[in-house]
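Residues per chain, in single letters:
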Amino acid sequence: MRLTKSTDLALRAIMRLAVTGAEPCTARQIAGEMRVPYSHLAKVAARLQHLGLIETRRGRGGGLVLTGTGRTASVGQLVRELEGPAEVVDCEGDTPCPLRQGCRLRMALRQAQEAFFSSLDPLTVTDLVDSPTGPVLLGLVGRGPGADR
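Residues numbered from 1 in each chain as written. Predicted model: local features only at pLDDT ≥ 70, side-chain atom pairs only at ≥ 80, totals over all residues. Heavy atoms only, no water.

Examining the packing of helix H1 (residues 5-19) against helix H8 (residues 133-140)
Alright, step 1. Contact geometry for H1 and H8: axes closest at 9 Å, N-to-C directions at 90°. One way to sum up the angle between H1 and H8 is to call them roughly perpendicular. Where H1 approaches H8, its residues Met 15, Arg 16 and Val 19 are matched on the opposing element by Thr 133, Gly 134, Leu 137 and Leu 138.
Alright, step 2. A per-class count over the contact of H1 with H8 returns four nonpolar, two polar and one charged. (Axes fitted to C-alpha atoms, helices over the stretch in contact; angles between N-to-C directions. Helix = DSSP H or I, 4+ residues; strand = E, 2+ residues; numbered from the N terminus. Parallel < 35°, antiparallel > 145°, perpendicular 65-115°, else oblique. Contact = heavy atoms within 4.5 Å. Nonpolar A, V, L, I, M, F, W, Y, C, P; charged D, E, K, R; others polar.)

Here you go:
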């Protein structure tokens, strides 16, 4: 199974926010640190806000902040939400598969996908930033393109 780039970026952004606690961080700053286009990060941030995982603060000293819900969110449930209901293979696409009515592979892939998500269920966002990841993330803070070093 392969995650979409959007889900990958969302997980990295949440981890970045988790490691710095209640200190707000701008989307532009995170985009620079992660070396991704700001427009992509802004779309991901809007989705995370819609899910109640982050909040945005306007004005001087504003930015993105991880919510309590975001901090304790199950990574498995988060990935399910971000990836949506799509199956591993598209049996109903532009050229529907002639085996789709009685295919055992489709069911096996659906079960494998759920096993993948289930293996992530016990992990929380806070777990993701435990050592050694947290210190590495802290090393990225302020190191985006154009940042003072």
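Describing the pairing of strand E1 (residues 54-57)
Alright, step 1. Of the strand pairs in this sheet, E1 and strand E2 (residues 63-66) are connected by four bridges, and their pairing is antiparallel. Within the sheet, the bridge partner assigned to Arg 57 lies in E2 and is Gly 63.
Alright, step 2. Connecting E1 to the antiparallel partner E2 that follows it, the hairpin turn spans five residues, and Gly 59 within it adopts a positive phi of roughly 85°. (Pairing = 2+ DSSP bridges.)

Overview of the side chain of Glu 33
Alright, step 1. As for its placement among the helices and strands, Glu 33 is situated in helix H2 (residues 27-34).
Alright, step 2. With a relative accessible area of 3%, Glu 33 lands in the buried category. (Buried < 20%, exposed > 50% of the residue type's maximum accessible area, 1.4 Å probe, protein only.)

Topic: helix H5 (residues 75-83)
Alright, step 1. A large share of H5 lies buried, amounting to seven of its nine residues.
Alright, step 2. Within the sequence span of H5, burial applies to Val 75, Gly 76, Leu 78, Val 79, Arg 80, Leu 82 and Glu 83.
Alright, step 3. Residues of H5 that are buried make contact with H1, helix H3 (38-50), helix H6 (104-120) and helix H7 (125-128).
Alright, step 4. Measuring from the side-chain oxygen of the N-cap residue of H5 to the backbone nitrogen of Gly 76 gives 3.3 Å; that N-cap residue is Ser 74.
Alright, step 5. Positive phi shows up at Gly 84, right after H5, with a value of about 80°. (Polar contact = N/O pair within 3.5 Å; in protein donor to acceptor, adjacent residues only side chain to side chain.)

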